[in-house]
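Structure assessment
Chain by chain, the residues run as shown.
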Number of protein chains: 2
Amino acid sequence: MKEENIRVVNRIEDVRNTVKEWKNQGLSVGFVPTMGYLHEGHQSLIKKAYEENDRIVVSIFVNPMQFGPTEDLDTYPRDLERDSKICKDAGANLIFHPEDKEMYKNDFLTFVDVNGLTEGLCAKSRPIHFRGVCTVVTKLLNIVYPDRIYFGQKDAQQLAIIKRMVRDLNIDVEVIGCPIVREEDGLARSSRNIYLSTEEREAATILNKSLSKAKTLIENGEKSSEVIINQIKETINSEPLARIDYVEVVDNLSMEKVKYIEKSVLVATAVYIGKTRLIDNFIY
Amino acid sequence: MKEENIRVVNRIEDVRNTVKEWKNQGLSVGFVPTMGYLHEGHQSLIKKAYEENDRIVVSIFVNPMQFGPTEDLDTYPRDLERDSKICKDAGANLIFHPEDKEMYKNDFLTFVDVNGLTEGLCAKSRPIHFRGVCTVVTKLLNIVYPDRIYFGQKDAQQLAIIKRMVRDLNIDVEVIGCPIVREEDGLARSSRNIYLSTEEREAATILNKSLSKAKTLIENGEKSSEVIINQIKETINSEPLARIDYVEVVDNLSMEKVKYIEKSVLVATAVYIGKTRLIDNFIY
């Protein structure tokens, strides 16, 4: 049932026609939306999709709508040739790689927002980010119309928001979250890791270190978010190159802050290492 | 290819399963979203859908999200039995008649907005109306997944907004606008016409009368929106039971006000007759 080749298309119509052909043959379709510059985290999503579907579409689109005016849209790393090989090796069949103007006409006016879930955590320093994510994912789902869509747990807030959006708008797709993939020293894989100097790269391990300590604390019975947050902050602040954006303990569904850990929580942090903003988290 | 029976279902899953069965048989699906209390305007949409599709779904759902706090949500007329007969006679196969809680969970958080197009005309006196319309139509399209969706030209701004939303979000459906259906004396058909007393019912003809005069004016060469608007206002104000909400001449695509008529315009008015707000328009 699996195909050998990978095709790269730029046009919405080409994606639609290919997927419709597959569906007419009764094949299931998995979809992995990415901004490219793929790493082992993306690879794990594609591999998971490969296990669960007959055909895999990967989108590579650095979505301008989810970048703030001072963010790294222009410098965001791009390497289509390398990405194509990674996609093919992981089992993908089709890459959708549109230009901006294929996705956004000049007089584009429509936006999708998930209120509430998009207020805390990353939304504070990236206020328009999740509107951009929700809008582009809605568009991509309407273009690809897959059976299953795959996201990494690293972007935990994004995953929670997308799940809610899909439920609220009755989008006919299964949303699947996949575990964070890490470097050997524990740093969560991210396309932005290449921004780090050697020194910063070493300093960046502080995110996972601080979270691991916090996890042990919870495992040993600590229930107070304040205690946990302070412990994480203290650890991160011990690293001179690190500057905390946020450390939060929130309900894993509503993304609302919790004082005491009673049900499933997300412990999440965003930290600037030099100029590079990195995120990491765990669910307990 | 046509079926004889009409089925009424309340659950999203039932609609999905029925439509998927039809699609598996290669049948095309037309969809007419309504708030019920169907009149000849709706009938014309269903008939048009019947001409163009193998199967027809009509939704009957008084969408709370598109009503403002002081509007007529509770008193909006409802009559499912009568509606079912009208749907059946016009050729529909399935009525989707969900309860509020089937469409909106308690913790519903997601909204679709079309900025810009939703600022003038009806949006002034109904500020949250079009967000409600866009959100529910997105949901219904994801539930029904039809080939074609039908709207009346009476709600001209709604039609323009839906067309833009479908384009912007890459929703895979053809949006079809159908002409206004009128009573013998020219009053545009509306479920809200039943609110009118005998006296008000007569006064309500002033909307169409004023627009007809304006159309003649344009046909005779008048290009100034100001002149046209003043003529309409004067006519409406001659009717003591009428109170103008707005009279506007806008570009038929962007819904932006135009000073001089150069390309296709929408001439639209909303008028309170007693407590009942009625709308009417023509495209030139």
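In the annotation of an unreviewed UniProt entry, the entry for chain A reads Pantothenate synthetase, and the organism field reads Asaccharospora irregularis DSM 2635. What UniProt states about chain A under its Sequence similarities (unreviewed entry) heading is, verbatim, "Belongs to the pantothenate synthetase family."

1. Topic: the sheet that holds strand S3 (residues 55-60) of chain B
Residue and element names in this part refer to chain B. The strand order S1-S4-S3-S2-S6-S7 describes an open sheet built from six strands, whose pairing is parallel. The sheet is open, and its two edges are formed by strand S1 (7-9) and strand S7 (174-178), each paired on a single side. For this sheet the average axis-to-axis angle between neighbouring strands, irrespective of direction, equals 25 degrees. Note: S1 against strand S4 (residues 94-96), three bridges, orientation parallel. For Arg-7, the partnering residue across the bridge sits in S4 and is Leu-94. Across the sheet, helix H3 (residues 80-90) touches S1, S3 and S4, and the angle it forms with S3 is around 160 degrees.

2. Regarding the side chain of Asp-83 of chain B
Residues and elements named next belong to chain B. Tracing the sequence through the fold places Asp-83 in helix H3. We classify Asp-83 as buried; its relative accessible area is 1%. Leaving out residues up to four positions away in the same chain, Asp-83 has contacts with Gly-36, Tyr-37, Leu-38 and Ile-60.

3. Some details on the environment of Ala-242 of chain B
All names here are of chain B. Within the secondary structure, Ala-242 sits in strand S8 (residues 242-251). Linking Ala-242 and Leu-207, residues 35 residues apart in sequence, is a C-alpha distance of 9.1 Å. Leaving out residues up to four positions away in the same chain, Ala-242 has contacts with Ile-206, Ile-236, Val-271, Tyr-272 and Ile-273.

4. Comments concerning the interface of chain A and chain B
If you look at the interface, chain A gives 29 residues, while chain B gives 29 residues. A combined buried area of about 2,700 Å² lies between chain A and chain B, and 45% of that area is made up of carbon and sulfur atoms. At the junction of chain A and chain B, the tally comes to eight salt bridges. Between Asp-107 of chain A and Arg-167 of chain B there is a salt bridge, and its shortest N-O distance comes to 2.9 Å. Taken together, chain A and chain B are joined by 22 residue pairs in polar contact (both at pLDDT 80 or more). When residues of the side of chain A that touches chain B are traced back to their parent elements, those giving at least two are helix H1 (12-24), strand S5 (110-114), helix H6 (129-144) and helix H7 (156-168) of chain A. Top contributing element to the side of chain A that touches chain B by residue count: H6 of chain A, with six residues. Of the residues in the side of chain A that touches chain B, the class split is 12 nonpolar, six polar and 11 charged.

Reading the values: rules and limits
All residue numbers here refer to positions counted from 1 along the written sequence of the relevant chain. Labels follow written order: the first chain is A, the first ligand is 1, and so on. Where totals are concerned, whole chains, interfaces and linings use all residues; where local detail is concerned, this predicted model gives features only for residues with pLDDT of at least 70, and gives and counts side-chain atom pairs only at 80 or more. Side-chain figures throughout are based on the complete set of non-hydrogen atoms in the structure, without hydrogens or water. UniProt positions are given in the numbering used here, feature names are shortened, and annotations may be inferred rather than shown by experiment. The rule for pairing is simple: two strands pair if DSSP sees at least two bridges between them. Strands are runs of DSSP state E lasting at least 2 residues, helices are runs of H or I lasting at least 4, and numbering of each runs from the N terminus. Axes here refer to lines fitted to C-alpha atoms; in helices the fit is confined to the stretch in contact. Angles between the N-to-C directions go from 0 to 180 degrees. We call two residues contacting when some pair of their heavy atoms lies within 4.5 Å. For the exposure calls, accessible area comes from a 1.4 Å probe over protein chains only, and a residue counts as buried if that area is under 20% of its type's maximum, exposed if over 50%, partly exposed in between. Two parts lose some accessible area (1.4 Å probe) when they are put together, and adding that loss for both gives the buried area. Salt bridge, as used here: a side-chain nitrogen of Lys or Arg that lies within 4 Å of a carboxyl oxygen of Asp or Glu. The definition of a polar contact used here is a pair of N or O atoms within 3.5 Å, where within protein one atom must be able to donate a hydrogen and the other to accept one, and adjacent residues in sequence count solely through side-chain atom pairs. Here the nonpolar group is Ala, Val, Leu, Ile, Met, Phe, Trp, Tyr, Cys and Pro; Asp, Glu, Lys and Arg are the charged ones; every other residue, Gly included, is treated as polar.

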